[in-house]
Amino acid sequence: MAQPHSHSHDHPAAPPAAAMDHSTMDHSSMDHSDTAHEQGDDSTGAAHSQAAPAQPRVPIPAVTDADRVAAFPPIRHDAMQHAPSVHSLLRVDRLEHGEGRHGSSQAWEASGWIGGDINRLWLRSEGERSGGRTGTADVELLYGRSISPWWDVVAGMKQDVGTGPSRSWAALGIQGLAPYKFETAATLYLGSGGQVMAKAEVEYEVLLTNRLVLQPMLEATLAARDEPERGIGRGVNTAEAGLRLRYEFSRRFAPYIGITHERRFGDSADHADATGDHARDTRWVAGIRMWF
C-alpha cells in the first residue's frame, strides 16, 4: 500500500550549543547602556528611596543632671517681685467754675481710697463756694468692704464744714456699678439731734469717641426732720441734674464744659427764700476732671 505524501520538510537538527565559559569573559568592557535604558529610571529611584538615612558622625550625648539644672534653675520664691497688696487712688471728679443768674460759684467733688481689693479706707469730700465764702461742704472718712465684684459697702463718719452750723454724722451706704454701667452711690446719715438724711447719686458715661465723653448726672437728698435754722426741710430736700462733656487728653486729665440745674423742694425751698438764698439755679460750668 502506498504511503501518503507528507508536506513537511525535514531539516537537519542544529548542533547543540557549546557551553560558554563566563570566567574568561571581560565584563568591564561590555556596554550596559541598553540594559539600563530598558530598565528605566524607576529602578534607579527605587534604589535611592530604599537607601538608609545617613547617621550623624558624632552621636548626641545623653542628657545629664547638670544639663537639667542649667536649663531649669531652682526658683527662689523669697526673691520674686510680687505686686503690692496695698493700692491707692485719688480722683477729682469735679473742680469747676460756674456762672448763673445769681452770680458765679466754684464747686468740687473728690474721692480717694487706700487699701487692697477687699478692704479699703475711703475719703470723700464735696462742697461749693459762692461770693467768696464756702456755703455747704463736707468731709467723709469711711471704711469700705467689697461684697461683690461691682459693689462696696461703706461705713464711717461725715463732718460738715463751711460758714453754716457744723454737725457730725454717722454714715452707712453702698456704692458701685449698677447694671448697664450706671455709677451709683447711696448713703444714709444719722446726725446729732436725731436728724436722719439720705443722699443718692447716679452717673452715666456716654462714649461719643475714644476721647469725647458725655456724662449726665442726677443727685438728690432727703431729710427726716424739718430744721429751719439749718435750711433743711422735711422730705426731698434738694435735687441737682447735670450734663458735662469732657475731652480726655489722657485717662488722668480731662477738661469739660456743661450745664447744671439745682432746685430745692417743699420746706427747704421756703427756708431758702426766707434767708435770701435761691430755691433754684441754673449754671454753665467749666472745669477739669483728673486722678492720681
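Nothing here was measured: the structure is a model prediction, and the numbers come from that model.

Caption draft 1: The arrangement of the overall build of the protein in detail. Looking only at helices and strands, one finds four helices and 13 strands in the protein. Taken over 292 residues, the protein has a buried fraction of 26%. Across the protein, contacts joining residues at least 24 apart in sequence account for 43% of those joining residues at least 6 apart. When the accessible area of the protein is evaluated, it comes to approximately 20500 Å², of which 61% is carbon and sulfur surface.

Caption draft 2: Structural detail: a negative patch on the surface. On the surface, Asp226, Glu229, Asp267 and Asp270 cluster together into a patch of negative charge. On the secondary structure map, aspartate 270 appears in helix H4 (residues 266–274).

Caption draft 3: Spatial organisation of the pairing of strand S5 (residues 151–161). Both strand S4 (residues 133–146) and S5 contribute to a ladder of 10 bridges, which runs antiparallel. When the bridges of S5 are listed, valine 139 appears paired with glutamine 159. Counting the residues in the hairpin turn of S4 and S5 gives four residues. As paired strands, S5 and strand S6 (residues 168–178) are joined by nine bridges and run antiparallel to one another. Note that in S6 the partner of aspartate 152 across the bridge is glutamine 175.

Caption draft 4: Examining the environment of proline 165 more closely. Position of proline 165 among the secondary structure elements: in the loop between S5 and S6. Measuring from C-alpha to C-alpha, the distance between proline 165 and threonine 136 comes to 9.8 Å, with 29 residues separating the pair along the chain.

Caption draft 5: Highlighting the pattern of salt bridges. Under the counting rule described, the total for this entry stands at 18 salt bridges. In this structure, glutamate 248 engages arginine 251 in a salt bridge whose closest nitrogen and oxygen atoms are separated by 2.5 Å. Residue class for glutamate 248 comes out buried when judged on its relative accessible area of 6%. Taken together, the shared-partner salt bridges in this structure form one network comprising Arg91, Asp93, Glu205, Arg246, Glu248, Arg251 and Arg289.

Caption draft 6: Spatial organisation of the environment of serine 268. With respect to the element layout, serine 268 can be found in helix H4. Residue serine 268 is classed as buried on the basis of its relative accessible area of 0%. With 42 residues separating them along the chain, serine 268 and aspartate 226 place their C-alpha atoms 8.3 Å apart. In this structure serine 268 touches Gly231, Gly233, Asn237 and Thr238, once residues within four positions along its chain are discounted. In terms of polar contacts, serine 268 uses its side chain to reach the side chain of asparagine 237, at 2.7 Å.

Caption draft 7: Structural context of the side chain of lysine 199. Inspection of the secondary structure assignment puts lysine 199 in strand S8 (residues 196–203). Not counting chain neighbours up to four residues away, the residues in contact with lysine 199 comprise Glu126, Ala185, Ala186, Thr187, Tyr189, Glu219, Ala220 and Thr221.

Caption draft 8: Representation of the side chain of glutamate 203 within the structure. Here glutamate 203 shows up in strand S8. Put simply, glutamate 203 is tucked away with no salt bridge, and the nearest opposite charge, on arginine 91, sits 5.8 Å away. For glutamate 203, the contacting residues outside a window of four places in its chain are Lys181, Phe182, Glu183, Gln215, Pro216 and Met217.

Caption draft 9: Main features of the pairing of strand S12 (residues 253–264). When strand S11 (residues 235–247) meets S12, the two strands line up antiparallel, connected through nine bridges. For glycine 242, the partnering residue across the bridge sits in S12 and is threonine 260. Summarising the sheet, S12 and strand S13 (residues 280–291) pair through 11 bridges and their orientation is antiparallel. Residue pairing across strands places tyrosine 256 opposite glycine 287, the latter belonging to S13.

Caption draft 10: Structural context of the packing of aromatic side chains. According to the stated counting rule, one finds five aromatic pairs in the structure shown. Taking the centre distance of 5.0 Å and the plane angle of 75° together, the rings of tyrosine 247 and phenylalanine 249 count as edge-to-face. An aromatic cluster of three or more residues is present, and its members are Tyr247, Phe249 and Phe253. The side chain of arginine 120 reaches across the aromatic face of tryptophan 113, ending 3.6 Å from its centre. When the ring centre of tyrosine 189 is taken as reference, the NZ or CZ atom of lysine 158 above it lies at 4.0 Å.

Conventions adopted
Residues numbered from 1 in each chain as written. Predicted model: local features only at pLDDT ≥ 70, side-chain atom pairs only at ≥ 80, totals over all residues. Heavy atoms only, no water. Helix = DSSP H or I, 4+ residues; strand = E, 2+ residues; numbered from the N terminus. Buried < 20%, exposed > 50% of the residue type's maximum accessible area, 1.4 Å probe, protein only. Contact = heavy atoms within 4.5 Å. Areas by Shrake-Rupley, 256 points an atom, 1.4 Å probe, with all protein chains shown as cover. Patch = residues over 30% accessible without salt bridge, like charges linked within 9 Å, V, L, I, M, F, W, Y side chains within 5 Å. Salt bridge = Lys/Arg side-chain N within 4 Å of Asp/Glu carboxyl O. Lys, Arg positive; Asp, Glu negative; His and termini not counted. Charge placed at Lys NZ, Arg CZ, Asp CG, Glu CD. Pairing = 2+ DSSP bridges. Polar contact = N/O pair within 3.5 Å; in protein donor to acceptor, adjacent residues only side chain to side chain. Phe/Tyr/Trp six-rings, centres within 6.5 Å; stacked < 30°, edge-to-face > 60°. Lys NZ or Arg CZ within 6 Å of the ring centre and 35° of its normal.

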